[in-house]
Amino acid sequence: MSRLDSMLRRLTAQRDGLNWAADQISPLTGDVLDMGLGNGRTYDHLREILTSRRIWVIDRVLQCHPSCVPPEKDFLQGEAKPMLEQLAADGHKIALAHYDFGFGVKERDVAEAAALSPVIAQVMAPGGIIVSGQPLTGFEELDGPAGIPPGRYMFYRAE
Ligand SMILES: C[S@@+](CC[C@H](N)C(=O)[O-])C[C@H]1O[C@@H](n2cnc3c(N)ncnc32)[C@H](O)[C@@H]1O
C-alpha cells in the first residue's frame, strides 16, 4: 500500500471513529478531551460534531492552524502527565477522549501510551469512550465502527 493510501486510511479511521464515539456518548454527561492538538484537525472536527460539550485540549506546544486555536481556558499547555493530573484534581470528567500523542517512533509511542493510561483512567467518566491512535492499557477494548481494520485505530471504554 502506498504511503498516501495508508495515510488516507488512517485519517478516515480517525474521523469515522470520532463520529462513532460522539454517537456512543450521547447518554453520558461529561466533557471531551483531545490529547494532541497538533495542527488542530481533530480538535476542529470534535468541536463541529460535539457543539454542546466542553472540549479540553492538551499539547506541549500551541502550533495549530490559526482557525483552530482552542479557547485559552480549555487549552492545557504542557506535558501530558501533569496536565491530565491537573484535570483529574480539578474534578473534570471526560465522556470522550481522543489520544493522538506521538513522536512517530512506534516503540516510543506505544510505551508512552501505556505509561499515560493510568492517569487517563483518572479523568474518564464511568462508561466514557476513548478513541486512540496507540494501544492503551487497563480499559475494555471495543470493536468500534464497522470497516476499520484491527489495529488501525483503537477504541476503549472506561470503567
Ligand atoms: C500527531 S500530533 C496531533 C495531531 C492532531 N490531533 C491533529 O489532528 O492535527 C501529536 C501532538 O502531540 C503533542 N505531544 C506528543 N507527546 C506529548 C506529551 N507527552 N505531552 C504533551 N504533548 C505531546 C505534540 O506536540 C504534537 O503536537
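Small disclaimer: the values here were computed from a predicted structure and weren't measured.

Enquirer: How would you summarise the nonpolar core if you had to cite specific residues and measurements?
Expert: Leu33, Leu84, Ile120 and Met124 are the most contacted members of the largest nonpolar core, which totals 25 residues. Elements with a contribution of two residues or more to this core: β1 (31-35), β2 (55-59), α3 (80-89), β4 (94-99), α4 (106-123), β5 (124-132) and β7 (154-157). For this core, the leading source of residues is α4, giving 5 residues. With residues up to four places along the chain from it excluded, the contact list for Leu84 reads Leu33, Met35, Ile58, Leu116, Val119, Ile120 and Val123. Listed in part, the 24 residues of the second largest apolar core include Leu18, Trp20, Ala21 and Leu96.

Enquirer: Run through the packing of helix α1 (residues 3-24) against helix α2 (residues 41-49), naming residues and quoting values.
Expert: Look at α1 against α2: their axes get within 11 Å of each other, and the N-to-C directions meet at 30°. Comparing the axis directions of α1 and α2 gives the class roughly parallel. Viewed along their axes, α1 and α2 form a crossing whose handedness is right-handed. Touching Gln14, Arg15, Leu18, Asn19 and Ala22 of α1 are Thr42, His45, Leu46 and Ile49, all from α2. Per-class residue counts for the contact of α1 with α2 are 4 nonpolar, 4 polar and 1 charged.

Enquirer: Give me the lowdown on the site of the ligand, citing residues and values where you can.
Expert: With respect to spatial proximity, 17 residues lie near the ligand, and among them Gly36, Thr42, Asp59, Asp100 and Glu112 are the closest. A distance of 3.0 Å separates a nitrogen atom of the ligand from a polar backbone atom of Ala80. Cavity membership is defined here by more than half of the atoms lying within 2 Å of grid points; on that basis the ligand lies in the largest pocket. For the shell around the ligand, the class distribution of residues is 4 nonpolar, 7 polar and 6 charged.

Enquirer: Before we move on, can you summarise the environment of Met35 with the specific residues and values?
Expert: Residue placement: Met35 occurs in strand β1. Looking at Met35, the relative accessible area reads 0%, which means it is buried. For the pair Met35 and Ile120, spaced 85 residues apart in sequence, the C-alpha to C-alpha distance is 9.9 Å. Those residues in contact with Met35 that sit more than four places away from it in its chain are Ile58, Leu84, Ala97, His98, Tyr99, Asp100, Phe101 and Ile120.

Enquirer: Before we move on, could you go through the sheet that holds β4 and cite the residues and values that matter?
Expert: On the basis of which strands lie adjacent, the open sheet formed by 7 strands has the order β3-β2-β1-β4-β5-β7-β6 and mixed pairing. Unpaired on one side and paired on the other, β3 (75-77) and β6 (140-142) mark the two borders of the sheet. Neighbour to neighbour, the strand axes of the sheet diverge by 20° on average, direction disregarded. Two elements, β2 and β3, share 3 bridges in a ladder whose sense is parallel. From the neighbouring strand, Asp59 faces β3, where its bridge partner is Gln77.

Conventions used here
- Within each chain, residues carry numbers counting from 1 in the order of the written sequence.
- A pLDDT threshold of at least 70 governs which residues receive local features in this predicted model, and a stricter bar of 80 or more applies before side-chain atom pairs are shown or counted, although totals over entire chains, interfaces and linings include all residues.
- Think of the side-chain values as coming from all heavy atoms in the structure, minus any hydrogens and water.
- What makes a nonpolar core is a set of buried Ala, Val, Leu, Ile, Met, Phe, Trp, Tyr and Cys residues whose side-chain atoms join them at distances within 4.5 Å.
- Each residue gets one of three labels from its accessible area relative to the maximum for its type: buried under 20%, exposed over 50%, partly exposed in between, using a 1.4 Å probe on protein chains only.
- The numbering of helices and of strands both runs from the N terminus, where a helix is a DSSP run of H or I of at least 4 residues and a strand a run of E of at least 2.
- Only heavy atoms enter the contact rule, under which two residues are in contact if any of them lie within 4.5 Å.
- Fitting a line to C-alpha atoms yields each axis, with helices limited to the stretch in contact; the angle taken between N-to-C directions then spans 0 to 180 degrees.
- Throughout this description, any angle smaller than 35 degrees is read as roughly parallel, any larger than 145 degrees as roughly antiparallel, any in the 65 to 115 degree range as roughly perpendicular, and the remainder as oblique.
- A clockwise turn of the near helix away from the far one marks a right-handed crossing, whereas an anticlockwise turn of less than a right angle marks a left-handed crossing.
- By the convention adopted, Pro, Cys, Tyr, Trp, Phe, Met, Ile, Leu, Val and Ala count as nonpolar, Lys, Arg, Asp and Glu as charged, and the other residues, Gly among them, as polar.
- What makes a residue near a molecule or strand is one non-hydrogen atom of that residue sitting within 4 Å of it.
- Between N or O atoms, a polar contact is any pair within 3.5 Å; within protein, one atom must be a potential hydrogen donor and the other a potential acceptor, and residues adjacent in sequence are included only when both atoms are from side chains.
- Definitions used for this entry: grid spacing 1 Å over protein atoms alone; cavity, a set of points where a 1.4 Å probe fits but cannot get out; pocket, an open set with protein on both sides within 12 Å along at least 5 of 7 lines; lining residue, one with an atom within 4 Å of a point.
- Think of it this way: if more than half of a molecule's atoms are within 2 Å of a pocket's grid points, that molecule is in the pocket or cavity.
- Only strands joined by at least two bridges in the DSSP assignment are considered to pair.

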